[in-house]
Amino acid sequence: MRYSGFRVIAEALTGHKGWKPAWRDPEPQSSYDYVIVGGGGHGLATAYYLAKEFKQARIAVLEKGYLGGGNVGRNTTIIRSNYLLDGNEPFYEFSLKLWEGLEQDFNYNAMVSQRGIINLYHTDAQRDAYTRRGNAMILHGADAELLNRDQVRAMYPFLNFDNARFPIKGALMQRRGGTVRHDAVAWGYARGADMRGVDLIQNCEVTGIRTEGGRVTGVDTTRGFIGAKKVGVAVAGSSSKVMSHVNMRLPIESHVLQAFVSEGLKPLIDGVMTYGAGHFYVSQSDKGGLVFGGDIDGYNSYAQRGNMPVVEDVAEGGMSLMPMIGRARLLRSWGGIMDMSMDGSPIIDKTDIDGLYFNGGWCYGGFKATPASGWCFAHLMATDKPHPTATAYRFDRFRKGLMIDEKGQGAQPNLH
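Per an unreviewed UniProt entry, the recorded name for the chain is Sarcosine oxidase subunit beta family protein, and the organism is Paragemmobacter amnigenus. Taken directly from UniProt, the Subcellular location (unreviewed entry) text for the chain runs: "Cytoplasm".

Structure, rendered in structure tokens:
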């Protein structure tokens with residue numbers, strides 16, 4: 001069933017009796033050619049592109065809970081490609097281009113809204129750094145504009161421009177950035193994969209990975225053993241736990257990242273904004289709530305909930321930037337488990353075990369990377385070669401000293 005405006009009208013005229021479930025709920029087969037562990041955005045996108053772009057079949061996605069119940073449904077929905085380094089910018093620009101055509105591609109309303117994103121700067125040194133970043137973006141085919149103080153004031157006159165410690169001097173803007181409805185991304189990819197014969201198996205936790213003679217043979221699950229010629233692991237903050245089944249220690253730590261929504265307000269912020277003097281980013285949802293976040297909790301955790309010190313720190317950042325939001329009530333908060341790599345950049349690579357592939361280490365960049373991550377992981381699994389935009393995302397970069405440290409923070413995951 002293809003969705004369209006005509007379909008909505010036809011169903012309205014016939015009592016909405018023709019709608020069918022968006023995807024099947026199949027029983028697992030005894031074996032598959034491809035098994036993707038993780039039914040989040042990256043896993044579902046991988047299965048979708050394996051079937052659609054690489055014409056592969058006999059594919060299953062295994063999810064321990066329900067589809068989209070992890071980080072893809074627990075983020076602040078921002079998409080952008082405003083990166084500096086050569087290892088990152090081409091990949092994220094590829095992802096942004098995929099976002100731009102995604103709804104037509106998988107025939108689902110993901111509410112892609114390219115409302116623009118600005119990164120505020122507060123010092124001359126920060127302005128120079130953003131100028132360099134903007135030039136790097138343009139050289140890679142992305143869009144970037146450097147705004148002065150007056151241009152930012154015209155957009156958002158309510159900001160605290162004369163803050164004694166952090167005066168706002170301007171911003172780096174990417175007009176093609178914006179937001180996407182996170183749940184709809186998971187649903188769209190799930191529906192698209194299912195339409196192409198992919199088995200989406202929920203409530204099926206992987207409890208072991210079997211190998212023989214240096215090659216993967218399948219996975220043990222709570223629903224029995226499932227054989228596989230190739231296994232791809234895309235489980236975000238649970239990466240270390242899943243890969244421990246093959247005694248593989250990853251250069252990744254798991255931390256919780258909290259996000260927040262305020263009560264509904266009148267239209268205030270029509271784009272996405274990040275604070276240059278603290279870690280705070282914010283947009284406004286269609287329902288009027290301010291959607292915002294900041295730093296991860298500094299300790300290791302597999303819990304999808306955070307603690308009060310970070311709540312206070314994020315609120316302080318927002319108050320410093322927009323003092324008037326102190327009168328707004330916080331409606332709800334939630335947490336996602338971040339897979340924080342040593343240099344703040346992801347890994348899409350083969351492992352030393354033949355037929356076992358890994359996708360993780362996304363830190364804060366997982367949601368915006370969803371389309372390109374799925375495409376590049378599918379490319380790797382189907383061809384055994386890295387996609388041209390993901391050649392830097394290798395395990396061995398840590399051994400070779402080829403880190404992609406976008407923030408220049410060093411080998412400390414909780415700082416990225």
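Engineer: So what exactly am I meant to see when it comes to the pattern of salt bridges here?
Structural biologist: It is possible for side chains of opposite charge to pair when their charged atoms get near one another. As enumerated under the stated definition, the model contains 26 salt bridges in all. Linking K229 and D33 is a salt bridge whose minimum nitrogen-to-oxygen distance equals 3.5 Å. On the criterion of sequence distance, the pair formed by K229 in strand β11 (residues 224-233) and D33 in strand β1 (residues 31-37) is long-range, its members being 196 residues apart. As a salt-bridge pair, R181 and D183 come within 3.0 Å of each other at their nearest N and O atoms. A relative accessible area of 36% places R181 in the partly exposed class. Judged by its relative accessible area of 19%, D183 is buried. Salt bridges linked by common partners bring E93, E100, D143 and R176 together as one network.

Engineer: What's the story with the domain arrangement of the chain in this structure? I'm lost.
Structural biologist: On domain assignment, one finds that the chain holds domain 1 (18-81 + 83-108 + 182-251 + 343-415) and domain 2 (117-178 + 253-341). Distance between the C-alpha centres of domain 1 and domain 2: 27 Å. Across the contact, 38 residues belong to domain 1 and 38 residues belong to domain 2. Interface of domain 1 and domain 2: buried area, both sides summed, is about 3200 Å²; carbon and sulfur atoms make up 54% of it. Counting the contacts that link domain 1 with domain 2 gives three salt bridges. One salt bridge in this structure joins R176 and E100, with 2.9 Å as the shortest N-O distance. Here domain 1 is connected to domain 2 by 19 residue pairs in polar contact (both at pLDDT 80 or more). At the level of elements, β3 (78-79), α3 (89-100) and α8 (239-243) are the ones that each hand at least two residues to the side of domain 1 that touches domain 2. It is α3 that contributes the most residues to the side of domain 1 that touches domain 2, six residues altogether. For the side of domain 1 that touches domain 2, the class distribution of residues is 12 nonpolar, 15 polar and 11 charged.

Engineer: Just to check I follow, could you spell out the packing of helix α2 (residues 41-52) against helix α7 (residues 182-195) for this structure?
Structural biologist: Two packed helices can be described by the angle between their axes and the distance between those axes. For the pair α2 and α7, interaxial distance at closest approach is 8 Å and the crossing angle is 30°. The angle between α2 and α7 falls in the class roughly parallel. Of the two elements, α2 crosses α7, and the hand of that crossing is left-handed. Residue-level contacts link G41, L44, A45, A47, Y48 and Y49 of α2 to A186, Y189, A190, G192 and A193 of α7.

Engineer: What's the story with the sheet that holds strand β12 (residues 252-264) in this structure? I'm lost.
Structural biologist: Taken in spatial order, the eight strands make up an open sheet running β5-β6-β4-β13-β14-β15-β12-β16, and their pairing is mixed. Two strands bound the open sheet, and with one partner strand each, they are β5 (145-148) and β16 (330-341). Along the sheet, successive strands turn relative to each other by an average axial angle of 20°, direction set aside. Relative to strand β13 (residues 272-274), strand β4 (residues 117-121) runs parallel, the two being bridged by three bridges. The residue bridging N119 from the neighbouring strand is T274, located in β13. Against the sheet, helix α5 (residues 124-139) contacts β4, β5 and β6 (170-174), and its axis sits at roughly 150° relative to β4.

Engineer: Would you mind going over the nonpolar core with me for this structure?
Structural biologist: In a soluble, globular protein the nonpolar side chains are often hidden away together inside. Counting 51 residues, the largest nonpolar core has L44, Y49, F91, W99, Y189, V198 and I348 as its most contacted members. Broken down by secondary-structure element, the contributors of at least two residues to this core are β1, α2, β2 (59-62), α3, α4 (102-106), α7 and α10 (370-383). Contact partners of V198, with chain neighbours within four places excluded, come to R24, A47, A51, I59, A60, V61 and A193. Grouped together as the second largest cluster of nonpolar side chains are 26 residues, I201, V206, I209 and V233 included.

Engineer: How should the pairing of strand β17 (residues 347-350) be read in this particular structure?
Structural biologist: On a regular strand, one side chain projects to one face of the sheet and the next to the other, so that they alternate. Across four bridges, β17 lies against strand β18 (residues 356-360) in antiparallel orientation. Paired with I347 across the bridge in β18 is G360.

Engineer: Which parts of the structure should I look at to understand the packing of α3 against α10?
Structural biologist: Taken N-terminus to C-terminus, the directions of α3 and α10 make an angle of 105°; their axes are 7 Å apart at the nearest point. Taken together, the axes of α3 and α10 are roughly perpendicular relative to one another. Facing F91, F94, S95, L98 and W99 of α3, the residues of α10 in contact are T370, P371, A372, S373, W375 and C376.

Engineer: What's the story with a nonpolar patch on the surface in this structure? I'm lost.
Structural biologist: Side chains of M1, V8 and W19 sit close together on the surface and give an oily, nonpolar patch of about 250 Å² of accessible area. Considering the arrangement of structural elements, one finds M1 in the segment before α1 (5-13).

Engineer: Before we go on, may I ask you to explain the pairing of strand β15 (residues 289-296) in this structure?
Structural biologist: β15 sits mainly inside the fold: seven of its eight residues count as buried. Taken together, the five bridges between β12 and β15 define a ladder with antiparallel strand orientation. Opposite L257, over in β15, you have I296 as the bridge partner. As judged from the four bridges shared by strand β14 (residues 281-284) and β15, these two strands associate in the antiparallel manner. Within the sheet, the bridge partner assigned to Y281 lies in β15 and is G293. Here β14 folds back onto β15 in antiparallel fashion, the turn holding four residues, of which G288 has a positive phi close to 100°.

Rules used in this analysis
- For every chain, the first residue of the written sequence is number 1, and numbering continues from 1 along that sequence.
- Thresholds applied to this predicted model are a pLDDT of at least 70 for local features of residues and 80 or more for the giving and counting of side-chain atom pairs; totals over whole chains, interfaces and linings are not thresholded and use all residues.
- In computing side-chain properties, one takes all heavy atoms of the structure into account and sets aside hydrogens as well as water.
- UniProt positions are given in the numbering used here, feature names are shortened, and annotations may be inferred rather than shown by experiment.
- For salt bridges, the criterion is a side-chain nitrogen of Lys or Arg within 4 Å of an Asp or Glu carboxyl oxygen.
- Only DSSP runs of H or I with at least four residues qualify as helices, and only runs of E with at least two residues qualify as strands; both kinds are numbered from the N terminus onward.
- Type-normalised accessible area, obtained with a 1.4 Å probe on protein chains alone, sets the label of each residue: buried when under 20%, exposed when over 50%, and partly exposed for intermediate values.
- As annotated, the domain borders come from an automatic or database domain assignment.
- Residue contacts are counted whenever heavy atoms from the two residues lie within 4.5 Å of one another.
- Summed over both partners, the accessible area (1.4 Å probe) lost when two parts come together is defined as the buried area.
- Polar contacts, as counted here, are pairs of nitrogen or oxygen atoms within 3.5 Å of one another; within protein the pair requires one atom able to donate a hydrogen and one able to accept it, and residues that are adjacent in sequence qualify only if both atoms are side-chain atoms.
- Lys, Arg, Asp and Glu make up the charged group, whereas Ala, Val, Leu, Ile, Met, Phe, Trp, Tyr, Cys and Pro make up the nonpolar group; the residues left over, Gly among them, are polar.
- Think of each axis as a best-fit line through the C-alpha atoms, taken over the contacting stretch in the case of a helix, with angles from 0 to 180 degrees between the N-to-C directions.
- Note on angle classes: values under 35 degrees are labelled roughly parallel, values over 145 roughly antiparallel, values of 65 to 115 roughly perpendicular, and the remainder oblique.
- By definition, turning the near helix anticlockwise from the far helix through less than a right angle yields a left-handed crossing, and turning it clockwise yields a right-handed one.
- Two strands are counted as paired when DSSP detects at least two bridges linking them.
- By nonpolar core we mean a set of buried residues, namely Ala, Val, Leu, Ile, Met, Phe, Trp, Tyr and Cys, connected to one another through side-chain atoms within 4.5 Å.
- Like-charged residues are merged into a patch within 9 Å and nonpolar side chains (Val, Leu, Ile, Met, Phe, Trp, Tyr) within 5 Å, provided each residue has over 30% relative accessible area and no salt bridge.
- For accessible areas, the Shrake-Rupley method is used with a probe of radius 1.4 Å. Any residue's cover is judged against the shown protein chains and nothing else.

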